[in-house]
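So the chains spell out like this:
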Amino acid sequence: MDADRQQGTSQGNSQETGEETGRGIVVGYDGSDYAMQALDWAMDEAEFRRAPITVCHAWQSPYALGDEEARKSLHHAAEHVLWHGAECARQCTSGVRVREDLFEGPATERLVELSATAGLVVVGSRGLSGPARRVMGSVAGHVATHARCPVIVVRGAGSLPHPRHPGPIVAGVGGGDDHVLAFAYREAALRGLSLIAVHAMRHPAAVWSAGMAPMVMADVPGREAVELLEAAVRPWRERFPHVETVLQPGGGPVLDVLADTSSGATMLVVGATREKGVLARLGSVTRPLIDAVTCPVAVVHP
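A quick note: this is a predicted structure, and the numbers were derived from the prediction, not measured.

Caption draft 1: Summary view of the overall build of the protein. Across its full length, the protein holds nine helices and 12 strands. Out of the 302 residues in the protein, the part that is buried amounts to 47%. Of the accessible surface of the protein, which amounts to about 14,900 Å², a share of 53% is contributed by carbon and sulfur atoms.

Right, dumping it as structure tokens:
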């Protein structure tokens, strides 16, 4: 077996060159159209970052342990799917080391495990409706929630389009989001794109009584949002002076503001913090965002 075609966990070593030695790109691949789009994105990331890429395929047998012939057949089919994804990566990238990871068990389990030593995990999303998602589950949502590194969820099916005029990187900022802005600015710099920093604030409730017209200090939340954004991006503007930055305060629910702003964007970057293993902040927003937006969504853990 080729040294680059390894089954099981692949570890980096000091002989590898590149920006992220030992912390490469992991992509979930099952041969479907949406997985192919995730692979396209992962290949771009690997070339931008000069990092190795691990193509991961997980399979499970519905047969009893005694039915070895059926299991062998499924195992052989899984090997072929993995080979196809890895070979695509080898043929379509330049100077990128490609590894293979074949795992028997849930894909979510393996991708989360690999995320502990990865620099980035990329997964595709079917964009299922609510009932279908409840039946089939969501690999993308689970991995984005529990991974130990940033996760990019790529929406759609088929080959990833490369527009002549790609949109900006959009970063959702809520305060204390250095990990979000670090990732967003780096992506913008690698891709030569502008960055839009967004902060959503709900407008204060109208104050009124009988016989009075509602009075709302509409400019106050906007001013506070601008000040928050200016303070948040200041160190990153200094670190990435060539990245054009736009500050965009928005009023309304976070989900609506981020979905509207990211329309036509190359990527939306949101943050998440952990509390007892679950998303504590933006948890109620992250999974709906994956379904609501049309661009890739990066979920960045601190």
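The discussion continues.
Caption draft 2: Molecular detail of the pairing of strand β3 (residues 98-104). Burial analysis of β3 places six of its seven residues in the buried class, which makes it a mostly covered element. Judged from the seven bridges that link them, strand β2 (residues 53-59) and β3 form a sheet pairing that is parallel. Along β3, the bridge assignment pairs His57 with Leu102.

Caption draft 3: Just the sheet that holds strand β1 (residues 25-28), in detail. The strand order across the open sheet built from 10 strands is β3-β2-β1-β4-β5-β12-β9-β6-β7-β8, with neighbouring strands paired in mixed fashion. Strands at the two margins of the open sheet, each flanked by one partner only, are β3 and β8 (245-251). Here the strands of the sheet are splayed against their neighbours by 20° on average, with no regard to which way each runs. Note: β1 against β2, four bridges, orientation parallel. In the sheet register, Gly28 faces β2, and the bridge partner there is Cys56. Strand contacts of helix α1 (residues 33-49): β1, β2, β4 (120-125), β5 (151-155) and β9 (267-271), with the helix running at about 155° to β4, the strand carrying the most contacts. Relative to the sheet, helix α8 (residues 254-261) contacts β6 (169-172), β7 (195-201), β8 and β9, its axis offset from that of β7 by approximately 155°.

Caption draft 4: Layout of unusual backbone geometry. Residue Arg50 is not a glycine yet carries a positive backbone phi of 55°. The class of Arg50 is exposed, set by a relative accessible area of 52%.

Caption draft 5: Representation of the side chain of Thr245. Looking at where Thr245 falls in the secondary structure, it is placed in strand β8. Within the local environment of Thr245, its side chain forms a polar contact with the side chain of Tyr185, the two groups lying 2.8 Å apart. Sequence-distant contacts of Thr245, defined by excluding residues within four places in its chain, comprise Tyr185, Leu195 and Arg237.

Caption draft 6: Molecular detail of the packing of aromatic side chains. Enumeration according to the criterion identifies one aromatic pair in this entry. With a centroid separation of 5.8 Å and 25° between ring planes, the pair formed by Tyr185 and Phe240 is classed as stacked. Highlighted residues: Tyr185 in helix α6 (residues 178-191) and Phe240 in the loop between α7 (219-239) and β8, separated in sequence by 55 residues. Positioned above the aromatic ring of Trp41 is the side chain of Arg191, whose terminal nitrogen or guanidinium carbon lies 4.4 Å from the ring centre.

Caption draft 7: Structural view of the nonpolar core. Leu39, Ile53, Val55, Val122, Ile152 and Val269 are the most contacted members of the largest nonpolar core, which has 49 residues in total. Ranked by the residues each element gives to this core, the list is headed by α1, at eight residues. Contacts of Ile53, omitting those with residues within four sequence positions, involve Ile25, Val27, Leu39, Ala42, Met43, Ala46, Val96, Arg97, Val98 and Arg99. Counting residues in each nonpolar core, the second largest holds 30 residues, with Ala147, Val153, Val257 and Val299 among its members.

Caption draft 8: View of the pattern of salt bridges. Tallied over the entire structure, the rule returns nine salt bridges. Measuring nitrogen to oxygen at the nearest pair gives 2.7 Å for the salt bridge that ties Glu104 to Arg71. Taken together, the residues Glu104 in strand β3 and Arg71 in helix α2 (residues 68-92) connect sequence positions 33 residues apart. Overall, the relative accessible area of 40% leaves Glu104 in the partly exposed class. Salt-bridge contacts for Asp101 lead to Arg110; the nearest nitrogen and oxygen are separated by 2.7 Å. Owing to a relative accessible area of 0%, Asp101 belongs among the buried residues under this scheme.

How each quantity is defined
- Residues numbered from 1 in each chain as written.
- Predicted model: local features only at pLDDT ≥ 70, side-chain atom pairs only at ≥ 80, totals over all residues.
- Heavy atoms only, no water.
- Helix = DSSP H or I, 4+ residues; strand = E, 2+ residues; numbered from the N terminus.
- Buried < 20%, exposed > 50% of the residue type's maximum accessible area, 1.4 Å probe, protein only.
- Areas by Shrake-Rupley, 256 points an atom, 1.4 Å probe, with all protein chains shown as cover.
- Pairing = 2+ DSSP bridges.
- Axes fitted to C-alpha atoms, helices over the stretch in contact; angles between N-to-C directions.
- Contact = heavy atoms within 4.5 Å.
- Polar contact = N/O pair within 3.5 Å; in protein donor to acceptor, adjacent residues only side chain to side chain.
- Phe/Tyr/Trp six-rings, centres within 6.5 Å; stacked < 30°, edge-to-face > 60°.
- Lys NZ or Arg CZ within 6 Å of the ring centre and 35° of its normal.
- Core = buried A, V, L, I, M, F, W, Y, C linked by side-chain atoms within 4.5 Å.
- Salt bridge = Lys/Arg side-chain N within 4 Å of Asp/Glu carboxyl O.

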